[in-house]
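The lines below spell out each chain.
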Amino acid sequence: MERLWCGEAGMKYPKQWLVMVNLFDEPKTNKVIGDILLVTSNKNEAYAKSKALGDSMGRKIVFEGFNDTPQIGGLELWCQ
């Protein structure tokens, strides 16, 4: 497992779903830090893994890495 700040993990794994466990708040920087347990492109797999863990690994979060697709008015632009 790799321990990272949640924002940095989202930038490191763009457009991937992450499951992070053992979350804690860093008092000096006010950032949430945790261990990356799973990186996958499948949203359902990430949520299933999180649900299967229950409360066994402390606080956890499931989120998608940074998506740099340009958006206008909530619509994604797909260019080729």
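Below: a short report on this structure. (Residues numbered from 1 in each chain as written. Predicted model: local features only at pLDDT ≥ 70, side-chain atom pairs only at ≥ 80, totals over all residues. Heavy atoms only, no water.)

**Considering the environment of Leu 18**
Within the secondary structure layout, Leu 18 lies in strand β2 (residues 17-26). Since its relative accessible area comes to 0%, Leu 18 is described here as buried. Taking the C-alpha atoms as reference points, Leu 18 and Leu 37, 19 residues apart in sequence, are found 7.6 Å from one another. (Helix = DSSP H or I, 4+ residues; strand = E, 2+ residues; numbered from the N terminus. Buried < 20%, exposed > 50% of the residue type's maximum accessible area, 1.4 Å probe, protein only.)

**Concerning helix α2 (residues 43-53)**
Every buried residue of α2 is listed here: Ala 46, Ser 50 and Leu 53. All buried residues of α2 fall inside an arc of 65° around its axis, so they share one side. When the buried face of α2 is taken as reference, the exposed residues oriented beyond 90 degrees from it are Asn 44, Lys 51 and Ala 52. Buried residues in α2 make contact with β2, β3 (31-40) and β4 (60-64). Capping the start of α2, Asn 42 holds a side-chain oxygen 2.9 Å from the backbone nitrogen of Asn 44, two or three residues further along. Immediately beyond the C-terminal end of α2, within one or two residues, lies Gly 54, with a positive phi of roughly 60°. (Arc of directions from axis to C-beta. Contact = heavy atoms within 4.5 Å. Polar contact = N/O pair within 3.5 Å; in protein donor to acceptor, adjacent residues only side chain to side chain.)

**Considering the pairing of β3**
With four bridges joining them, strand β1 (residues 2-5) and β3 adopt antiparallel strand pairing. Among the inter-strand pairings, Glu 2 is bridged to a residue of β3, identified as Ile 36. Taken together, the eight bridges between β2 and β3 define a ladder with antiparallel strand orientation. In the strand pairing of β3, Glu 26 is matched with Lys 31. The antiparallel hairpin formed by β2 and β3 contains four residues in its connecting segment, where Asn 30 sits at a positive phi of about 65°. (Pairing = 2+ DSSP bridges.)

As far as function goes, none of this settles anything; it's purely spatial.
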